[in-house]
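Summary of structural features
Residue strings, one per chain:
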Amino acid sequence: MTAVVQDAYGPPERVLRVAEVARPRVGDDDVLVRVRATSVNTPDWITVAGVPYVLRLKAGLRGPSTPVRGTDVAGTVEALGENVTDLDIGDEVFGSLWDNTLTTSGAFAEYAAVPASRLIRKPAGLGFEAAAASVMSGLTALSAMRDVAGVGPGTKVLVNGASGGVGTLAVQVAKALGAEVTGVCGPRNVELVRSLGADHAVDYTEEDFTLGERRYDVILDNVLNHPPKATARALTPTGTLIPNSIGVSGGWFGALPRVARATVMGRGSTDVRSVPISVDREHLTALATLLESGDVKVFIGATYALDDAASAVAHMLGHHARGKVVITV
Ligand SMILES: NC(=O)c1ccc[n+]([C@@H]2O[C@H](COP(=O)([O-])OP(=O)(O)OC[C@H]3O[C@@H](n4cnc5c(N)ncnc54)[C@H](OP(=O)(O)O)[C@@H]3O)[C@@H](O)[C@H]2O)c1
């Protein structure tokens, strides 16, 4: 099968190449999916670039310990492991290979072997591209807003980085839960963020939300461009800060020192929570319900073919993607 493989860390155009490789082995609990679409997420670009360097301790010192990146999957069932009894050959499915390691991936390929517990049938009205694009970003948004922050009617939510993959979905999930939502983005994305349903859009070149008068019950910070102490000033006394970024600066640690400082702050009077992304059928079904209802729509900002996956990853590495970056297979 055709796949995009990586042997070393570096710029995507240098380290990603299209190759013919063997189809993945299908375990007893796995489903072999003929991939129709996948999307690019933070774990993909950090594992391609190998930054922050400290993550190489997890992903592999000289290069990634597995060659094919990509976790989001949408496609059709090609073959079933012995223990998988609730899906059929030909079913249209979507889900993820993500298991909290940086190297259990393999979706930038014609076929991927995905554990059945991380796949569900794709709603008929949802295209392969939107389904694939929804998975990691949508599950992060859902976990952050519903599970971690307990957002409900009237909750005042601020999403920093509202125009990216996670942000565009988090704004809509929070609105669907009844929140009053403020989205922070650059000037070219103000209209986009409003069109997603945000009640307020803050252009970060005009206004620094950490210095304003408004206070929020929940801040989902997808950028971490402010020290956590400054961001926490914009919270209500009982508000929750969710630092959710590895940062864009690369280097040895990226934004990890800021995450660590936020975590220490969380031991004091500020409520600080991380987002454990849960890829399971309950969360995938809840996401599918939001997508089917039309309350949440996937905004796809760019689409690339599989043999141009390097450009898709480079697009994300620019750190100004609008919505999701999709790869069609
Ligand atoms: N917890 C998890 O499991 C999990 C899963 C996935 C991702 N994440 C984290 O979520 C974060 C966001 O991921 P993503 O996929 O949404 O990234 P993304 O699509 O690359 O987000 C880029 C967005 O960030 C915005 N941005 C850049 N500088 C900004 C600034 N100074 N102020 C406000 N917005 C700014 C850009 O908007 P403009 O172009 O308008 O500047 C762009 O729309 C990542 O850092 C990642 O580490 C966590």
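One numbering rule holds for all chains: residues counted from 1, following each sequence as written. Totals for whole chains, interfaces and linings use all residues, but because this is a predicted model, local features are given only for residues with pLDDT of at least 70 and pairs of side-chain atoms are given and counted only at 80 or more. Heavy atoms throughout the structure, all of them, feed into the side-chain values; hydrogens and water do not.

Helix and strand counts for the protein chain come out as 10 helices and 15 strands. The dimensions of the protein chain, computed from C-alpha atoms along their principal axes, are 55 × 45 × 35 Å. Within the protein chain, contacts between residues separated by at least 24 positions form 70% of all contacts whose residues are at least 6 apart in sequence. What sets the accessible areas is the Shrake-Rupley method with a 1.4 Å probe; for residues, cover comes only from the shown protein chains. For the protein chain, the accessible surface area stands at approximately 13,600 Å², while carbon and sulfur atoms represent 51% of it. Positive residues here are Lys and Arg, negative ones are Asp and Glu, while His and the chain termini are left out of the count. Note on charges: their place is set at NZ of Lys, CZ of Arg, CG of Asp or CD of Glu. Taken as two groups, the 30 positive and 35 negative side-chain charges of the protein chain have centres that lie 7 Å from each other. Secondary structure elements follow DSSP: runs of H or I no shorter than four residues count as helices, runs of E no shorter than two count as strands, and numbering proceeds from the N terminus. By definition in these notes, contact holds between two residues if any of their heavy atoms fall within 4.5 Å.

Let's shift gears to helix H2 (residues 42-49). With a 1.4 Å probe rolled over the protein chains alone, any residue whose accessible area is under 20% of its type maximum counts as buried; one over 50% counts as exposed, and the rest are partly exposed. For H2, the tally of buried residues reaches seven of eight residues, placing the bulk of the element in the interior. Those residues of H2 lying buried are Pro43, Asp44, Trp45, Ile46, Thr47, Val48 and Ala49.

Bringing the site of the ligand into the picture now. In this text, near means that some heavy atom of the residue lies within 4 Å of the molecule or strand in question. Taken together, 27 residues lie near the ligand, and Ser163, Val166, Gly186, Asn189 and Tyr204 sit nearest. Polar contacts, as used here, are pairs of N or O atoms within 3.5 Å; protein pairs need one atom able to donate a hydrogen and one able to accept it. Residues neighboring in sequence count only if both atoms are side-chain atoms. In the environment of the ligand, an oxygen atom lies 2.8 Å from a nitrogen or oxygen atom belonging to the side chain of Asn189. The separation between a nitrogen atom of the ligand and a polar side-chain atom of Asn225 is 3.1 Å. Computed on the free molecule, the ligand has an accessible area of 930 Å², of which 87% lies beneath the protein chains in the complex. Of all the elements in the fold, those that place two or more residues in the shell around the ligand are helix H4 (128-148), helix H5 (165-176) and strand E9 (180-185).

Moving on, we get to the pattern of salt bridges. Opposite charge on two side chains allows them to pair when their charged atoms are near. What counts as a salt bridge is simple: a side-chain nitrogen of Lys or Arg found within 4 Å of a carboxyl oxygen of Asp or Glu. According to the stated counting rule, one finds 10 salt bridges in the structure shown. Where Glu191 meets Arg194, a salt bridge forms, and the shortest distance between an N and an O atom there is 3.0 Å. Of this pair, Glu191 and Arg194 both sit in helix H6 (residues 190-195), three residues apart, which is roughly one turn of the helix. Across the salt bridge formed by Arg273 and Asp271, the nearest N and O atoms sit 2.9 Å from each other. What emerges from the salt-bridge pattern is a single network uniting Arg146, Asp147 and Glu282.

This next bit is on the packing of aromatic side chains. By convention, a stacked pair of Phe, Tyr or Trp rings (six-membered ring in the case of Trp) has centres within 6.5 Å and planes under 30 degrees apart, an edge-to-face pair has planes over 60 apart, and any other such pair is tilted. Taken as a whole, this structure holds one aromatic pair when the rule is applied. Pairing Tyr53 with Trp252 gives two aromatic rings, centres 5.3 Å apart and planes at 70°, and the pair type is edge-to-face. Taken together, the residues span a long stretch of sequence, with Tyr53 in the loop between H2 and helix H3 (56-59) and Trp252 in the loop between strand E12 (235-243) and helix H8 (256-265) at a distance of 199 residues. Given a relative accessible area of 34%, Tyr53 falls into the partly exposed group. Counted as over-ring charges are cases with an Arg CZ or a Lys NZ within 6 Å of the ring centre that also lie within 35 degrees of the ring normal. In this structure, Arg34 is placed above the aromatic ring of Tyr111, and the distance from its NZ or CZ to the ring centre is 5.8 Å. The ring centre of Phe128 lies 4.8 Å from the NZ or CZ of Lys122, which sits over that ring.

All right, on to the nonpolar core then. The biggest cluster of nonpolar side chains holds 87 residues, and the ones touching the most others in it are Val40, Phe94, Phe108, Met145, Val157, Val159 and Ile242. When residues of this core are assigned to domains, at least three map to each of domain 1 (2-133 + 298-328) and domain 2 (150-272). Take the buried residues of types Ala, Val, Leu, Ile, Met, Phe, Trp, Tyr and Cys, join any two whose side-chain atoms come within 4.5 Å, and each joined set is a nonpolar core. As annotated, the domain borders come from an automatic or database domain assignment.

Angular values range over 0 to 180 degrees, each being the angle between N-to-C directions of two axes fitted as lines to C-alpha atoms, with helices fitted over their stretch in contact. Packing of H4 against H5 brings their axes to within 8 Å, and their N-to-C directions diverge by 50°. By the angle between their directions, the pair H4 and H5 is classed as oblique. Of the two possible hands of crossing, H4 and H5 adopt the one that is right-handed. Across the interface between the two elements, Ala133, Ser134, Ser137, Gly138, Thr140, Ala141, Leu142 and Met145 of H4 pack against Gly165, Val166, Leu169, Ala170, Val173 and Ala174 of H5. Split by residue class, the contact of H4 with H5 holds nine nonpolar, five polar and no charged. Roughly parallel here means an angle under 35 degrees, roughly antiparallel means over 145, roughly perpendicular means 65 to 115, and every remaining angle is called oblique. It is the rotation of the near helix from the far one that decides the hand of a crossing: anticlockwise by less than a right angle makes it left-handed, clockwise makes it right-handed. Under the convention adopted here, Pro, Cys and the residues Ala, Val, Leu, Ile, Met, Phe, Trp and Tyr are nonpolar, Asp, Glu, Lys and Arg are charged, and Gly plus all remaining residues are polar.

Here we come to the side chain of Arg118. Relative to the elements of secondary structure, Arg118 occurs in the loop between strand E6 (111-115) and strand E7 (119-121). Look at Arg118: it is buried, it has no salt bridge, and the nearest opposite charge is Asp99 at 4.8 Å. Not counting the four nearest positions on each side in its chain, Arg118 is found in contact with Phe94, Gly95, Ser96, Leu97, Trp98, Asp99, Val279 and Leu284.

What follows covers the sheet that holds strand E11 (residues 216-221). If DSSP finds at least two bridges between two strands, the strands pair. Read from one edge of the open sheet, six strands run E10-E9-E8-E11-E12-E13, paired in parallel fashion. Each edge of the open sheet is held by one strand with a lone partner, namely strand E10 (200-203) and strand E13 (271-272). Two strands pair when backbone bridges link them, and strand E8 (residues 156-160) and E9 are joined in this way by five bridges, in the parallel orientation. Counted as the bridge partner of Val157 is Val181 from E9.

Right, let's talk about the environment of Glu129 for a bit. Structurally, Glu129 can be placed in helix H4. Look at Glu129 and you get partly exposed, because its relative accessible area is 32%. It is 18 Å that separates the C-alpha atoms of Glu129 and Arg118, two residues lying 11 residues apart in sequence. In contact with Glu129, other than residues within four places in its own chain, are Ala37, Ile300, Thr303, Val326 and Thr328.

Okay, the domain arrangement of the protein chain next. According to the domain assignment, the protein chain consists of domain 1 (2-133 + 298-328) and domain 2 (150-272). Just the C-alpha atoms count here: the centres of domain 1 and domain 2 sit 27 Å apart. Taken together, the 17 residues of domain 1 in the interface contact 18 residues of domain 2. Here the buried area means the combined drop in accessible surface, using a 1.4 Å probe, for two parts upon being joined, counting both sides. Between domain 1 and domain 2 the total buried area reaches about 1,400 Å² when both faces are included, carbon and sulfur atoms providing 68% of it. Together, Pro52, Tyr53 and Arg322 form the three largest contributors to the area buried by domain 1 at its contact with domain 2, with a combined 35%. The interface formed by domain 1 and domain 2 contains zero salt bridges. The interface formed by domain 1 and domain 2 contains seven residue pairs in polar contact (both at pLDDT 80 or more). The element that contributes the greatest number of residues to the side of domain 1 that touches domain 2 is H2, accounting for three residues. Split into classes, the residues belonging to the side of domain 1 that touches domain 2 amount to 11 nonpolar, four polar and two charged.

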